[in-house]
Amino acid sequence: MRANDGTIADESPRRGYVWVIIAIAVVVIFGLCLAPIGGWLVEAPFTLLFGWVPYAARAIGQIPSHGMSIALWAGGVSAFALGLHLAGRKFAADWQVRQTVSVVTLIFAATTAGICMIGVGHQASWLAHAPKLLEPEGRRHYEQRDSEVDLREIRYGMKTFAEGDAGALPRSTFTKHGRPLHGWMTMMLPQIGRMDLYDWLTLEGPWDMNYQDPVFDTEVSQYARFRSEVSRDERGFAVTHYSANSRVIDADNVKRLEDVADGLGNTILIGDINDQFPAWGRPRNGRDPAIGLNRPGGFGSPYDDGAQFVMGDGSVKHLSQNIDPEVLRALSTPQGNEPPAQYQDPKMP
């Protein structure tokens, strides 16, 4: 940098100040991260600015990548750009192609910025209405909330599947000789917005054959809890953190929701699991709730001493592991003929 007298000024002191400021900032941020409240002070602005990124990544992954759709999109953009360019040439003789490209790019940037602002607004609202945000159990609260959202989406997918298949529930499939092919979660992929995975499937072949790996290696957000420590099984397949009530899904005596004689609101459909996580594509992903909660091979959750379940009517209920075994058994059976008044668990919210 030249001074007023034409000599070159020494910038080394200024650079030294910059490095000092950077070092102080790093120390302050690191210290805040170690403090109980300071960690939130760092996380809050980061969530506001970048919280939309994981959502966008999940949403983009669920957009069907059909060739025809891509061709229509490209054709639409090209037609818009051509029309814009012709209009520009009509009103300005010196209008150039680079100006058309700049305007189209600006429109795309503005659209993207709008979507990002929606994400920022969503995160701001989430932080503003977050109970127990500064308390240690706050993270558990949101893990439980994430589980509730997933369970509702899976139940909604089942309902949509049944509406399109004469009321039948999704079931695991087998060859005529009894060899397992696909699980009930696979059969309802289109209903949860994952047609992109379903289109790659070979339904006539077993789910764990090598040519099926691109599908079953993929993590499905509706089937897995956010930030879970376990995302793969021993074979590398993406796992699920939910299982079905084996007395309902894949049961011989229950083919439709109408077969649940005890009432949909009184019968467990799907719930949290906390061990032995199966690949989401595995057939017969079901467990018996009646064996008790937070027991090996049963239902349970990592965030408290109970588990969350979605009932046949779509309501989500939390059950304590201290629930009366008879009450739990009654909620597990679809055709037990127990009077509803017998199993109103006081621990259910």
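Read on for a plain summary of the structure. Just so it is clear, the structure is predicted and the values come from calculations on it, not from any experiment.

1. What to know about the overall build of the protein chain
Within the protein chain, the regular secondary structure consists of 10 helices and seven strands. Residue burial in the protein chain is summarised as follows: out of 349 residues, 35% are buried. Nonlocal contacts in the protein chain, meaning residues at least 24 apart in sequence, comprise 62% of its contacts between residues at least 6 apart. Total accessible area on the protein chain is roughly 20,300 Å²; 62% of this is exposed by carbon and sulfur atoms.

2. Overview of helix α10 (residues 325-332)
Within α10 the residues assigned to the buried category are Val327, Leu328, Ala330, Leu331 and Ser332. Where α10 is buried, its residues contact β3 (242-245), β4 (268-272), β6 (306-311) and β7 (316-320). The opening residue of α10, the one whose side-chain oxygen lies 2.8 Å from the backbone nitrogen of Glu326, is Asp324.

3. A word on the pairing of β4
The element β4 is largely enclosed, with a buried count of five among its five residues. Where β3 meets β4, three bridges bridge the pair, whose relative direction is antiparallel. When the sheet's bridge partners are listed, Ala244 is paired in β4 with Ile270. Strand direction decides the pairing type here: β4 and β6, joined by three bridges, are antiparallel. Within β6, the position partnered with Ile268 by the bridge is Met311.

4. Observations concerning the environment of Trp207
Summarising the element assignment, Trp207 is placed in the loop between α8 (195-198) and α9 (213-216). On the accessibility criterion, Trp207 (7% relative accessible area) is buried. The spatial distance from the C-alpha of Trp207 to the C-alpha of Gly183 is 8.2 Å, given a sequence separation of 24 residues. Beyond its immediate sequence surroundings of up to four residues, Trp207 is in contact with Leu181, His182, Gln212, Phe216, Phe237, Ala279, Gly281, Arg282 and Pro283.

5. Concerning the side chain of Arg225
Looking at the secondary structure, you find Arg225 in the loop between α9 and β3. Among the polar contacts made by the side chain of Arg225, one reaches the main-chain carbonyl oxygen of Ile273 at a distance of 2.9 Å. Excluding anything up to four places from it in sequence, Arg225 contacts Asp146, Ser147, Asp150, His241, Tyr242, Asp272, Ile273, Asn274, Phe277, Pro302 and Tyr303.

6. Structural notes on the pattern of salt bridges
Scanning the entire structure with this criterion turns up 10 salt bridges. Among the charged side chains, a salt-bridge network with shared partners connects Arg145, Glu148 and Arg152.

7. Overview of the sheet that holds β7
Through backbone hydrogen bonds, the strands of a sheet pair up, either in parallel or in antiparallel fashion. One open sheet accounts for five strands, arranged β5-β3-β4-β6-β7; its pairing is mixed. The outermost strands of the open sheet, each flanked by one partner alone, are β5 (286-287) and β7. Contacts from α10 reach β3, β4, β6 and β7 within the one sheet, and its direction differs from that of β4 by about 115°.

8. Some remarks on the pairing of β6
Counting buried positions along β6 yields six of six residues, so the element is predominantly enclosed. Side chains Gly306, Gln308 and Val310 of β6 all project onto a buried face; the interleaved residues Ala307, Phe309 and Met311 project onto the opposite face, where all are buried too. As paired elements, β6 and β7 share five bridges and run antiparallel to each other. Across the sheet, Gln308 pairs through a bridge with His318, a residue of β7. Hairpin connection between β6 and β7: a loop of four residues separates the two successive antiparallel strands, and Gly314 in this loop has a positive phi of roughly 95°.

Conventions used here
- Residues numbered from 1 in each chain as written.
- Predicted model: local features only at pLDDT ≥ 70, side-chain atom pairs only at ≥ 80, totals over all residues.
- Heavy atoms only, no water.
- Helix = DSSP H or I, 4+ residues; strand = E, 2+ residues; numbered from the N terminus.
- Buried < 20%, exposed > 50% of the residue type's maximum accessible area, 1.4 Å probe, protein only.
- Contact = heavy atoms within 4.5 Å.
- Areas by Shrake-Rupley, 256 points an atom, 1.4 Å probe, with all protein chains shown as cover.
- Polar contact = N/O pair within 3.5 Å; in protein donor to acceptor, adjacent residues only side chain to side chain.
- Pairing = 2+ DSSP bridges.
- Salt bridge = Lys/Arg side-chain N within 4 Å of Asp/Glu carboxyl O.
- Axes fitted to C-alpha atoms, helices over the stretch in contact; angles between N-to-C directions.

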